[in-house]
Amino acid sequence: MIDLTRPRLVTLAGAGSLGLLLGAWFFEFVVGLAPCAMCYWQRWPHIAAVVIAVLCMAPLPRGPAIALGLGGAVAAATSSGIGVYHSGVERGWWLGPASCTSRGQDLGTLSGESLLDPLAASAVVMCDEIPWTLAGLSMANWNVVASAVIAAIWLVSVSAVERRHQTA
């Protein structure tokens, strides 16, 4: 039987966010895949979720435990939502930020020096290009799924607080 106590659920959710962060850093620093701006945007909510998980390790009264659990769920869901947006940009379903997408950019607004500078061109990682896939899904696609699962785990941890409170 799976132990659905709050501490275990919080640990699982926090470990999930930490695992996604470690995976992103592995691809960045070991494999050499530079992240785009939206990749970074997806990391910040996971950092928040890890911090929330650490805070939840302390014995908490019902109110703060619920508030932190909901905060963890919102953080993971936010990363999933950003991942949906990023996935749509990658697949060409909608335009992304002009600062990191190649579709719809007006090269006429760039100076000749900017167009000819090879360092400037390599410094920007395009958000609408998919550098890696697994089973046809990009890292942003996988983040959508994993972050949604983590958000659900956070919500189950909140219901565990309620179950504990009702039986006490």
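Data block above holds the structure.
Residues numbered from 1 in each chain as written. Predicted model: local features only at pLDDT ≥ 70, side-chain atom pairs only at ≥ 80, totals over all residues. Heavy atoms only, no water.

1. A few points about unusual backbone geometry
Where we set the bar: Helix numbering and strand numbering both begin at the N terminus, where a helix is a DSSP run of H or I of at least 4 residues and a strand a DSSP run of E of at least 2. For the exposure calls, accessible area comes from a 1.4 Å probe over protein chains only, and a residue counts as buried if that area is under 20% of its type's maximum, exposed if over 50%, partly exposed in between.
Despite not being glycine, A135 has its phi angle at roughly 55°, a positive value. Looking at where A135 falls in the secondary structure, it is placed in the loop between β1 (133-134) and β2 (137-138). Its relative accessible area of 71% is what places A135 among the exposed residues.

2. Re the packing of aromatic side chains
Aromatic ring pairs are defined here through the distance separating the ring centres and the angle between the ring planes. The criterion, for reference: Side-chain rings of Phe, Tyr and Trp (the six-membered ring for Trp) are treated as a pair once their centres are within 6.5 Å; stacked means planes under 30 degrees apart, edge-to-face means over 60, and tilted covers the remaining angles.
On inspection of all chains with the given rule, the structure shows three aromatic pairs. With 5.8 Å between their ring centres and 85° between their planes, F26 and F27 make a pair best called edge-to-face. Geometrically, the ring pair formed by W93 and W94 is edge-to-face, given 6.0 Å between the ring centres and 70° between the ring planes. Owing to a relative accessible area of 36%, W94 belongs among the partly exposed residues under this scheme. Feature note: the residues F26, F27 and W132 constitute an aromatic cluster, connected by ring pairs.

3. Topic: the pattern of salt bridges
Heads up, the condition is: Salt bridge, as applied in this entry: a Lys or Arg side-chain nitrogen positioned within 4 Å of an Asp or Glu carboxyl oxygen.
This model, assessed by the stated rule, comprises one salt bridge. Among the salt bridges present, the one from R43 reaches E28, with a minimum N-O distance of 2.8 Å. Remark: E28 occurs in helix α1 (residues 6-31) and R43 occurs in helix α2 (residues 37-55); sequence separation between them is 15 residues. On the basis of relative accessibility, which here comes to 10%, the residue R43 falls in the buried class. Under the relative-accessibility criterion, E28 is labelled buried at 16%.

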